[in-house]
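# Per-entry structural report
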Amino acid sequence: MGAAAVALLAATRRRSTPPVTSLLSRAVRGLHEATAAAEEDRARARRRRSSSSRLLGPDISDTWDPSPRAAARPPPPRDYAVDCEPTVTIIDGKSIAEDIRLQISEEVRQMKNAVGHVPGLAVVLVGDRRDSQSYVRFKVKGCEEVGIKSLLAELPGNCTEDEVVDSVARFNDDPSVHGVLVQLPLPQHMDEEKILNTISLDKDVDGFHPLNVGNLALRSRKPLFVSCAAKACLELLLQSGIDLMGKHVTIIGRSKVVGLPTSLLLQRHHATVSVIHAFTANPEEITRESDIVISAAGVANLVRGSWLKQGAVVIDVGTNPVEDPDSDYGYRLTGDVCFEEAVTVASAITPVPGGVGPVTIAMLLANTLDSAKRVYGLSDSTP
Ligand SMILES: Nc1nc(=O)c2c([nH]1)NC[C@@H]1CN(c3ccc(C(=O)N[C@@H](CCC(=O)O)C(=O)O)cc3)C=[N+]21
């Protein structure tokens, strides 16, 4: 992603962008309203969630029949302040993730009672990148919270490809492991494809296996696993009451982790999807025509307020570490979206941190649970 993303960023910077300062007062006002509205939204979202049990297996049926359109849920009520300025919903990923984890821990408990086993997730971490180390920490912590067993293989950055493959193979053969994940990126000298190809298809909880991606793309088929980040984006939209049918969604980025699987998953939900990337000539024009913008470019502050249509829904998948000496680990995370600007234009937006990240981890736990359920014959649930 590096060079291409930088190229896109450079191209963007050359265009004239509105000065951040001129938008600040609006932004502050927007944020103020947002905070008040956020509490309201959280309560409303909780009520909505508690009435829906369609949590871990989004319906990915496919049809051109017009009847589902008629049956589609009405749009959620829009909030308007007294002066009729629209308010923005800050989508609370942390609380959505918490609800998902609660449901998973209940299912793990039932599994333990029924078959005497719990799901197991194995993570392979190569090298000592600080950001990868903390993502892996979040995954292990998530497992602990729901009663999933976690195993971690930590290998030094200068180890051989064969050592990584061996460690994956051991987890493939371990019956107490239902999900195997190799944390990306791998060190430069390693062949990522080769290593990922060794993960057993029925333990591929990241959903990167070509057969899982292929089956996601072929709409009459059901993949065993779908990418956690893609599922997180869908979950955040559905739980926020945002209908996807016929909506124009623009996805920024085409990676196998986010952009590509998200575009496939949202098409299965009848959205009209544009995928844009570093070589797209007019990214700003395309996003400005979109009802929903999902950014997964890995470039801090790439998406400015001017990129968005009034009332757009913004899902920010970016987790870009930026130096911050005041923060505990010497860096903090920032998204792809210039939040202060976007919050004045969007109708709903995910923050970073506290948006897509926690839900992505919850989906990893959900995929691991589904895998174990398949092994123990507890259901034929689909991702
Ligand atoms: N094989 C593989 N699978 C992945 O799913 C994968 C990967 N490699 N490599 C890196 C990316 C990145 N990723 C994140 C997951 C959760 C947060 C997350 O929970 N973020 C918290 C951060 C809290 C904080 O640090 O302040 C939040 O956004 O609130 C972030 C990033 C998974 N990835």
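Residues numbered from 1 in each chain as written. Predicted model: local features only at pLDDT ≥ 70, side-chain atom pairs only at ≥ 80, totals over all residues.

This part covers the overall build of the protein. A count of helical and extended segments in the protein gives 13 helices and 11 strands. The burial tally for the protein puts 42% of its 383 residues in the buried class. Considering only residue pairs separated by 6 or more positions, the protein has 71% of its internal contacts joining residues 24 or more positions apart. (Helix = DSSP H or I, 4+ residues; strand = E, 2+ residues; numbered from the N terminus. Buried ≥ 20, exposed ≤ 12 C-beta atoms within 10 Å, placed from the backbone. Contact = placed C-beta atoms within 7 Å.)

The next point concerns the site of the ligand. Taken together, 19 residues form the shell around the ligand, and within it Leu 184, Thr 319, Pro 353, Gly 357 and Thr 360 come nearest. Of all the secondary structure elements, the ones that give two or more residues to the shell around the ligand are helix H5 (130-146), strand S4 (179-182) and helix H13 (356-375). Of the residues forming the shell around the ligand, the biggest block, 4 residues, is contributed by H13. (Near = placed C-beta within 6 Å.)

This part covers the domain arrangement of the protein. Structurally, the protein comprises domain 1 (2-94 + 225-362) and domain 2 (117-215). Listed per partner, the contact involves 11 residues of domain 1 and 14 residues of domain 2. For the side of domain 1 that touches domain 2, a count of residues per class yields 9 nonpolar, 1 polar and 1 charged. (Domains from an automatic or database assignment. Nonpolar A, V, L, I, M, F, W, Y, C, P; charged D, E, K, R; others polar.)

Turning to the environment of Leu 302, a few remarks are in order. Structurally, Leu 302 is set in the loop between strand S7 (292-295) and strand S8 (313-316). In the structure, Leu 302 is positioned 186 residues away from Gly 116 in sequence and 49 Å away in space, judged by C-alpha atoms.

All right, on to the nonpolar core then. In this structure, Cys 233, Ile 294, Val 314, Ala 342, Ala 346 and Leu 365 are the most contacted members of the largest nonpolar core, which totals 92 residues. Take this core: its biggest share by element is 10 residues, from H13. Here this core spans two domains, and each of domain 1 (2-94 + 225-362) and domain 2 (117-215) adds at least three residues to it. Those residues in contact with Ile 294 that lie beyond four places of it in its chain are Cys 233, Val 249, Ile 251, Ile 252, Thr 262, Ile 315 and Val 317. (Core = buried A, V, L, I, M, F, W, Y, C linked by C-beta atoms within 7 Å.)

What follows concerns the confidence of the model for the protein. Here the protein averages 84 in pLDDT, and 77% of its residues register 70 or above. Here residues 1-34 scores under 50 on pLDDT; set against residues more than four positions off or in separate chains, the count is 41 contacts. Segment residues 47-73: pLDDT under 50, and 22 contacts once partners within four positions in sequence are set aside and those in other chains are kept. Reported confidences for the modelled complex are a pTM of 0.81 and an ipTM of 0.95. (pLDDT = per-residue confidence, 0-100.)

Within helix H10 (residues 259-268), 8 of the 10 residues are buried, which leaves it mostly tucked inside the rest of the structure. Taken together, the buried positions of H10 are occupied by Gly 259, Leu 260, Pro 261, Thr 262, Ser 263, Leu 264, Leu 265 and Leu 266. Each element contacted by the buried residues of H10 is listed here: helix H8 (210-217), helix H9 (228-239), strand S5 (248-252), strand S6 (272-276) and S7. Following H10 by one or two positions, His 270 adopts a phi angle in the positive range, close to 70 degrees.

Taken together, 3 strands build an open sheet; the order of strands is S3-S2-S4 and the sheet is parallel. This sheet does not close on itself; its edge strands, each paired only once, are strand S3 (149-155) and S4. Each strand of the sheet is rotated relative to its neighbour by a mean of 15 degrees, with strand direction disregarded. In this structure, strand S2 (residues 120-126) lies alongside S4, joined through 4 bridges in parallel fashion. Following the sheet pairing, Val 124 is matched in S4 by Val 182. (Pairing = 2+ DSSP bridges. Axes fitted to C-alpha atoms, helices over the stretch in contact; angles between N-to-C directions.)

Our focus in this paragraph is the sheet that holds S8. Reading across from one edge, S1-S11-S8-S7-S5-S6 is the order of the 6 strands in this open sheet, with parallel pairing throughout. Each end of this open sheet is capped by a strand with a single partner; those strands are strand S1 (89-90) and S6. As paired strands, S5 and S6 are joined by 5 bridges and run parallel to one another. Across the sheet, the residue bridging to Val 249 is Val 273, located in S6. Packed on one face of the sheet, H10 meets S5, S6 and S7 and runs near 170 degrees to S6.

On to H9, then. Look at H9: 16 Å from first C-alpha to last across 12 residues, which is about the 16 Å you get at 1.5 Å a residue. Among the 12 residues of H9, 12 are classified as buried, and the element is accordingly described as predominantly covered. Cys 228, Ala 229, Ala 230, Lys 231, Ala 232, Cys 233, Leu 234, Glu 235, Leu 236, Leu 237, Leu 238 and Gln 239 are the residues of H9 that are buried. Downstream of H9 by a residue or two, Gly 241 has a phi angle that is positive, lying close to 75 degrees. (Expected span 1.5 Å × (residues − 1).)

Inspection of the sheet shows S2 paired to S3 by 7 bridges, in the parallel sense. From the neighbouring strand, Leu 121 faces S3, where its bridge partner is Ser 150. Between the parallel elements S2 and S3, the chain passes through H5 in a crossover that is right-handed. (Right-handed = clockwise from strand over helix to strand, strands pointing away.)

So, about the packing of H9 against H13. Geometry of a packed helix pair, given as the angle between the helix axes and the separation of the axes. It is the contact of H9 with H13, at a shortest axis distance of 8 Å, that shows an interaxial angle of 115 degrees. By crossing handedness, the relation of H9 to H13 is classed as right-handed. Of H13, the residues touching H9 (which contributes Cys 228, Ala 229, Lys 231, Ala 232, Cys 233, Glu 235 and Leu 236) are Val 356, Val 359, Thr 360, Met 363, Leu 364 and Asn 367. (Left-handed = near helix turned anticlockwise from the far one by under 90°.)

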